[in-house]
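Each chain is listed here by its residues.
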Amino acid sequence: MLHSPISKIDLDMRIFYIKRDDLIDSFLSGNKYRKLYTLLQTSANKYSKIISYGGTQSNAMLAIASICHKKKWEFIYYSKPINKKIKEQTFGNFYLSKKLGMKHVEIESSYYKDYVSSLRLDLDKNTFLLDQGGANKLAKFGIDILAKEIRESNLDIKSLATPSGTGTTALYLALALPEYKIYTTPCVGDEKYLRQQMSALSDIPENLIILQAKKKYHFAKLYPEFYEIYKKLLTTKIEFDLLYAPLMFKVLLEKTEENILYIHSGGIFGNKSMINRYKNKERQYGK
Ligand SMILES: *Cc1c(COP(=O)(O)O)cnc(C)c1O
């Protein structure tokens, strides 16, 4: 693959450079492409089945579904019970993943945790289990390639930013690029939870800087200030996701001053349902 390009944008009087990993592939974009790179390079006859679990709006789920579709692997995805509305949607990650052949299995909430931990117990050699969000040590190899591209871009910048879910991307990027500062922020859970998830993969290096917003935000909830940032970013002609990017940019605007290279992690298929929710909310409050 060719190196993904780098764009330059203005946001609130600041310059940001954007590593356009969103342009890599529509379903398999951004850090999901990087994290799943090893799986994508794996020969189709090595596995017959991939198992994963997590949220049904997940970008990782869609990325895995897209790989399994290409490789003709069966893909089984476990989640807690989901509502009828998501099942009936004809857009978004869940719909697209099902179209790509994903088999979805709902597990009763009270059994979910035990069920998920039992998945790894009886795997045959043709089945590969990917932990939620693609948080796997194999992610290192794809992220090393991203790191090499960043180094070779010869931008005069020594600070990078990427928002965290599992923290896998930020962690491996920081390990691969010790001469850079890597800013991240926890979008799912708090800093403690993020550190726990990262520590399961490796020691956390010092150049990884976890920034926290002044206010506490909950994942996938609606915040007018996030929608504002999303719309401002849209005027730069680049669409960002509505779950992770707005919070990361907000924190960067609040807490940093230097020029930063932001890793665009794709994930914009979830935007449509988020935008619908924002518009409903605006109508409700008569904005
Ligand atoms: C998955 C995802 C992240 C979080 O990546 P982690 O490696 O799990 O921290 C950030 N941004 C977007 C758009 C994503 O899809």
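Residues numbered from 1 in each chain as written. Predicted model: local features only at pLDDT ≥ 70, side-chain atom pairs only at ≥ 80, totals over all residues. Heavy atoms only, no water.

Not every one of the 15 residues close to the ligand is listed here, only the nearest: K32, N59, T166, G167 and T169. The contact in question runs from an oxygen atom of the ligand to an N or O atom on the side chain of N31, over 2.8 Å. Measuring from an oxygen atom of the ligand, one finds a side-chain N or O atom of T166 at 2.6 Å. Protein contacts shield 97% of the accessible area of the ligand, which totals 380 Å² for the unbound molecule. (Near = heavy atom within 4 Å. Polar contact = N/O pair within 3.5 Å; in protein donor to acceptor, adjacent residues only side chain to side chain. Areas by Shrake-Rupley, 256 points an atom, 1.4 Å probe, with all protein chains shown as cover.)

Each domain of the chain was delimited in the assignment, giving domain 1 (6-26 + 138-284) and domain 2 (34-134). The C-alpha centroid of domain 2 is placed 24 Å from the C-alpha centroid of domain 1. Opposite the 22 residues of domain 1 that make contact, domain 2 presents 16 residues. Both faces considered, domain 1 and domain 2 share a buried interface measuring about 1400 Å² in area, 58% of it formed by carbon and sulfur atoms. At the surface where domain 1 touches domain 2, the tally comes to three salt bridges. The closest approach of N and O atoms between E149 and R34, which form a salt bridge, is 3.1 Å. Here domain 1 is connected to domain 2 by three residue pairs in polar contact (both at pLDDT 80 or more). Where the side of domain 1 that touches domain 2 is concerned, the elements lending two or more residues are α7 (139-152), α8 (168-176) and α12 (271-284). At seven residues, α7 tops the list of elements feeding residues into the side of domain 1 that touches domain 2. The residue makeup of the side of domain 1 that touches domain 2, split by class, is nine nonpolar, eight polar and five charged. (Domains from an automatic or database assignment. Contact = heavy atoms within 4.5 Å. Buried area = accessible area lost by both parts, 1.4 Å probe. Salt bridge = Lys/Arg side-chain N within 4 Å of Asp/Glu carboxyl O. Helix = DSSP H or I, 4+ residues; strand = E, 2+ residues; numbered from the N terminus. Nonpolar A, V, L, I, M, F, W, Y, C, P; charged D, E, K, R; others polar.)

Okay, the layout of surface pockets next. In this structure, the second largest pocket occupies an estimated 180 Å³ of space. Forming the boundary of the second largest pocket are 14 residues, of which P186, G189, Q212, K216 and Y217 lie nearest the centre. Looking at the lining of the second largest pocket residue by residue, the class counts come to six nonpolar, four polar and four charged. (1 Å grid on protein atoms, 1.4 Å probe; cavity = no way out; pocket = protein on both sides within 12 Å on 5 of 7 lines; lining within 4 Å. Points joined across faces, edges and corners; volume = space filled by probe spheres on them.)

On to the pairing of strand β10 (residues 260-263), then. Burial along β10 is two-sided: the face carrying I260 and Y262 and the face carrying L261 and I263 are both buried. Looking at chain direction, strand β2 (residues 14-19) and β10 are connected through four bridges and run parallel. Within the sheet, the bridge partner assigned to Y17 lies in β10 and is L261. Two strands pair when backbone bridges link them, and strand β7 (residues 159-161) and β10 are joined in this way by two bridges, in the parallel orientation. Residue pairing in the sheet places A161 in a bridge with Y262 of β10. (Buried < 20%, exposed > 50% of the residue type's maximum accessible area, 1.4 Å probe, protein only. Pairing = 2+ DSSP bridges.)

The next point concerns the nonpolar core. F16, I18, F240, F249, L252, Y262 and Y278 are the most contacted members of the largest nonpolar core, which totals 32 residues. With six residues, helix α11 (residues 245-255) is the largest single contributor of residues to this core. Apart from residues no more than four positions distant in its own chain, I18 is found in contact with P5, I6, S7, I9, I238, F240, F249, L261, Y262 and H264. Within the second largest apolar cluster, 26 residues are counted, among which are Y33, I50, Y77 and L100. (Core = buried A, V, L, I, M, F, W, Y, C linked by side-chain atoms within 4.5 Å.)

Turning to the pattern of salt bridges, a few remarks are in order. Scanning the entire structure with this criterion turns up 19 salt bridges. Here E225 and K215 are joined by a salt bridge, their closest N and O atoms 3.0 Å apart. With a gap of 10 residues between them, E225 in helix α10 (residues 224-234) and K215 in the loop between β9 (208-210) and α10 connect regions that are remote in the sequence. Classification of K215 as partly exposed rests on a relative accessible area of 41%. A salt bridge links E282 to K231; the shortest N-O distance between them is 3.9 Å. Of this pair, E282 sits in helix α12 while K231 is found in helix α10, placing the two residues 51 residues apart along the sequence. What makes E282 partly exposed here is its relative accessible area of 23%. Residues joined in a network through salt bridges with shared partners are K19, D21, R34 and E149.

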